[in-house]
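Structure assessment
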Amino acid sequence: MPTIDSDAHVIETERTWEFMDESETQFKPVTVTSSSAPGKQFWMVDGKIFNRGTNIGKDTSDASREMKDIEARLKHMDELGVDIQVLYPSLFLRPLTIRPEVERALCRSYNRWLTDIYRKGEKRLQWAAILPLLNMDYALAEARWAKDNGACALFTRAIPENRVLTDSHFFPLYEEASRLNLPICVHSSAGSFEWNQVFEQETGFGKFKLPVVSSFHSIVYDGLMERFPKLKFGFIEVSAQWIPYA
């Protein structure tokens, strides 16, 4: 039986954005620095500043965690006794823009980067696709593309776009995910600018963990799985002790 790490991460780099169409390059995130934090880098995305490199494991090399050297990543997995990793993003654990066209460009480029990694990784580096949920037509098209190009799941933040996951806005996605047989994985995160601002100085429990618990509760309480019996959900990086309470 293979050993599967169901929640590994990639660290986004400039390479992540090289897969944008020419018409989308105006939306590329850029690296910026601050005089008040010498040596620290940030991403500027659609005019907003986000921390860069805060999800780094110090026991792995830059080349491995940033996917510059796929062989190094696979070698490290062998050392850990891991056969397969399912890859999730780092930058996308919070919302980045309110503009659908920007979100689409970011998601499309990220997913094509992950497809390139998947193909080079001997199918040991599985991945969850990111969907541009600000526009459902964009999201459905990207879900279909991801399925055809090796994605094993669809990533979403909790409270995506300031909506609970039982909002009817997402019903077309649930129908399509059911048809594609792709689970929707709610990773530790929050898809609300306001929520992130409230908990900005907090350790991450309120900001990233509790929204996932709330999402689980809403899905069960509102009977979402009865409406979509073939739909699958995963709740990632929040442990499981809370399930009896929820």
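Residues numbered from 1 in each chain as written. Predicted model: local features only at pLDDT ≥ 70, side-chain atom pairs only at ≥ 80, totals over all residues. Heavy atoms only, no water.

A separate point is the overall build of the protein chain. Along its length, the protein chain carries 8 helices and 9 strands. Computed over C-alpha atoms, the radius of gyration of the protein chain comes to 18 Å, within 12% of the 18 Å expected from 2.2 N^0.38 for 246 residues, which places it in the range of a compact globule. Dimensions along the principal axes, computed over C-alpha positions, put the protein chain at roughly 50 × 45 × 40 Å. For the protein chain, with 246 residues in total, the buried portion stands at 52%. In the structure as shown, the protein chain presents an accessible area of about 12,300 Å², 50% of it carried by carbon and sulfur atoms. Of note, the protein chain has its 29 positive side-chain charges centred 1 Å away from the centre of its 34 negative side-chain charges. (Helix = DSSP H or I, 4+ residues; strand = E, 2+ residues; numbered from the N terminus. Rg over C-alpha atoms; globule rule 2.2 N^0.38 Å. Buried < 20%, exposed > 50% of the residue type's maximum accessible area, 1.4 Å probe, protein only. Areas by Shrake-Rupley, 256 points an atom, 1.4 Å probe, with all protein chains shown as cover. Lys, Arg positive; Asp, Glu negative; His and termini not counted. Charge placed at Lys NZ, Arg CZ, Asp CG, Glu CD.)

Attention now moves to the sheet that holds strand β5 (residues 84-88). What the 6 strands build is an open sheet, ordered β1-β5-β6-β7-β8-β9; its pairing is parallel. In this open sheet, the two edge strands, each paired with only one partner strand, are β1 (4-9) and β9 (233-236). Across the sheet, the mean angle separating the axes of adjacent strands is 30° when strand polarity is ignored. Note that β5 and strand β6 (residues 125-130) share 3 bridges and pair parallel. Paired with L87 across the two strands is W127, which belongs to β6. On the sheet, helix α7 (residues 205-221) packs against β8 (184-187) and β9 and is oriented at approximately 155° with respect to β9. (Pairing = 2+ DSSP bridges. Axes fitted to C-alpha atoms, helices over the stretch in contact; angles between N-to-C directions. Contact = heavy atoms within 4.5 Å.)

With that settled, the discussion passes to the pattern of salt bridges. The final tally for this structure, using the stated rule, is 19 salt bridges. A salt bridge links E176 to R144, with the shortest nitrogen-to-oxygen separation between them at 3.0 Å. Of the two residues, E176 is situated in helix α5 (residues 171-180) and R144 in helix α4 (residues 136-148); the sequence distance between them amounts to 32 residues. With a shortest N-O distance of 3.6 Å, E161 and R157 are connected by a salt bridge. Among the residues examined, E161 registers a relative accessible area of 15% and is labelled buried. Look at the salt bridges and you will find they share partners, linking R15, E18, D116 and K120 into a network. (Salt bridge = Lys/Arg side-chain N within 4 Å of Asp/Glu carboxyl O.)

This part takes up a nonpolar patch on the surface. Together, V30, M44 and I49 give the surface a local cluster of nonpolar side chains, amounting to about 230 Å² of exposed area. Within the secondary structure, V30 is located in strand β2 (residues 30-34). Among the residues examined, V30 registers a relative accessible area of 39% and is labelled partly exposed. (Patch = residues over 30% accessible without salt bridge, like charges linked within 9 Å, V, L, I, M, F, W, Y side chains within 5 Å.)

Here the focus is the packing of aromatic side chains. Describing an aromatic ring pair means giving the distance of the ring centres and the angle of the ring planes. Enumeration over the complete set of coordinates arrives at 14 aromatic pairs. Ring centres 6.4 Å apart and planes at 35° place the aromatic pair F170 and Y174 in the tilted group. We classify F170 as buried; its relative accessible area is 1%. Overall, Y174 belongs to the buried group, its relative accessible area being 1%. Relative to F228, the ring of F171 lies with its centre 5.3 Å away and its plane at 65°, an arrangement referred to as edge-to-face. In this pair, F171 is assigned in helix α5 and F228 in the loop between α8 (224-227) and β9, connecting sequence segments 57 residues apart. Of the two residues examined, F171 and F228, each falls in the buried class. Put simply, the rings of F170, F171, Y174, F216, F228, F233, F235 and W242 pair up and form one aromatic cluster. Geometry around W43 places R52 over its ring, the cationic atom sitting 4.0 Å from the centre. Positioned above the aromatic ring of W145 is the side chain of R112, whose terminal nitrogen or guanidinium carbon lies 3.8 Å from the ring centre. (Phe/Tyr/Trp six-rings, centres within 6.5 Å; stacked < 30°, edge-to-face > 60°. Lys NZ or Arg CZ within 6 Å of the ring centre and 35° of its normal.)

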